[in-house]
Amino acid sequence: MRLFLWAGAIGFAVWELTGALLWIHDAGSVGSAAAQTWDRLSSDWFLLIVLTDHLVIAGVALLWVLSDSGRRGWSVGKRLALVVVFIALGTPALLGYLAQRRSPEQDRASAA
């Protein structure tokens, strides 16, 4: 299962990077891409609903990851780094966390 999750994390990261590079290339610049995206969001209510729904789901997943890593004894510094990576990468970070996640007993044993 871990290999499957890591493969998914890497595959999804490649997919997102490719999409972002094509998005910027097609628009001509990061500024133009952002402006086009804002125009689409401000003119399409359903797209805005889908985006806000995804942000809520991502927020809940982030809160769960923070809570879970805290229960597993992760240091505050490690948890803050995880938040930064999660916000920057999204799904690949979540899949990577799930892939490396061990049972609570293993985490407590390695912390001792």
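All figures in this text were calculated on a predicted structure; none of them were measured in a lab.

The rules behind each value
Residues numbered from 1 in each chain as written. Predicted model: local features only at pLDDT ≥ 70, side-chain atom pairs only at ≥ 80, totals over all residues. Heavy atoms only, no water. Salt bridge = Lys/Arg side-chain N within 4 Å of Asp/Glu carboxyl O. Helix = DSSP H or I, 4+ residues; strand = E, 2+ residues; numbered from the N terminus. Core = buried A, V, L, I, M, F, W, Y, C linked by side-chain atoms within 4.5 Å. Buried < 20%, exposed > 50% of the residue type's maximum accessible area, 1.4 Å probe, protein only. Contact = heavy atoms within 4.5 Å. Axes fitted to C-alpha atoms, helices over the stretch in contact; angles between N-to-C directions. Parallel < 35°, antiparallel > 145°, perpendicular 65-115°, else oblique. Nonpolar A, V, L, I, M, F, W, Y, C, P; charged D, E, K, R; others polar. 1 Å grid on protein atoms, 1.4 Å probe; cavity = no way out; pocket = protein on both sides within 12 Å on 5 of 7 lines; lining within 4 Å. Points joined across faces, edges and corners; volume = space filled by probe spheres on them.

**A look at the pattern of salt bridges**
(1) Moving on: Counted by the stated rule, this structure contains three salt bridges.
(2) Moving on: Its salt-bridge partner being Asp68, residue Arg71 comes within 3.4 Å of it at the nearest N-O pair. Of this pair, Arg71 and Asp68 both sit in helix α3 (residues 45-71), three residues apart, roughly one helical turn.
(3) Moving on: One salt-bridge network, held together by shared partners, links Asp68, Arg71, Arg72 and Arg101.

**Thoughts on the nonpolar core**
(1) Moving on: The biggest cluster of nonpolar side chains holds five residues, and these are Ala61, Leu62, Val83, Phe86 and Ala93.
(2) Moving on: Secondary-structure elements contributing two or more residues to this core are α3 and α4 (76-89).
(3) Moving on: With sequence-adjacent residues up to four places away left out, Ala61 is seen in contact with Phe86 and Leu94.

**A closer look at the packing of helix α1 (residues 2-27) against helix α2 (residues 30-43)**
The relative placement of two packed helices comes down to the angle between their axes together with the axis-to-axis distance.
(1) Moving on: Viewed as axis vectors pointing N to C, α1 and α2 meet at an angle of 95°, and their least axial separation amounts to 7 Å. For the element pair α1 / α2, the angle class is roughly perpendicular. Side by side, α1 and α2 meet where Trp23, Ile24 and Ala27 of the first sit next to Val30, Ser32, Ala33, Ala34, Gln36 and Thr37 of the second.
(2) Moving on: The residue inventory of the contact of α1 with α2, partitioned by class, reads six nonpolar, three polar and no charged.

**Quick look at the layout of surface pockets**
(1) Moving on: The volume enclosed by the largest pocket comes to roughly 490 Å³.
(2) Moving on: The wall of the largest pocket is formed by 14 residues, among which Glu16, Gly19, Ala20, Trp23 and Thr37 lie closest to the centre.
(3) Moving on: If you list the elements that add at least two residues to the lining of the largest pocket, you get α1, α2 and α4.
(4) Moving on: Per element, the largest residue contribution to the lining of the largest pocket is five residues, and it comes from α1.
(5) Moving on: Of the residues assigned to the lining of the largest pocket, the class counts are eight nonpolar, four polar and two charged.
(6) Moving on: One number sums up the size of the second largest pocket: a volume of about 310 Å³.
(7) Moving on: Elements that contribute at least two residues to the lining of the second largest pocket include exactly α3 and α5 (91-100).
(8) Moving on: Tallied by class, residues from the lining of the second largest pocket come to 10 nonpolar, three polar and no charged.

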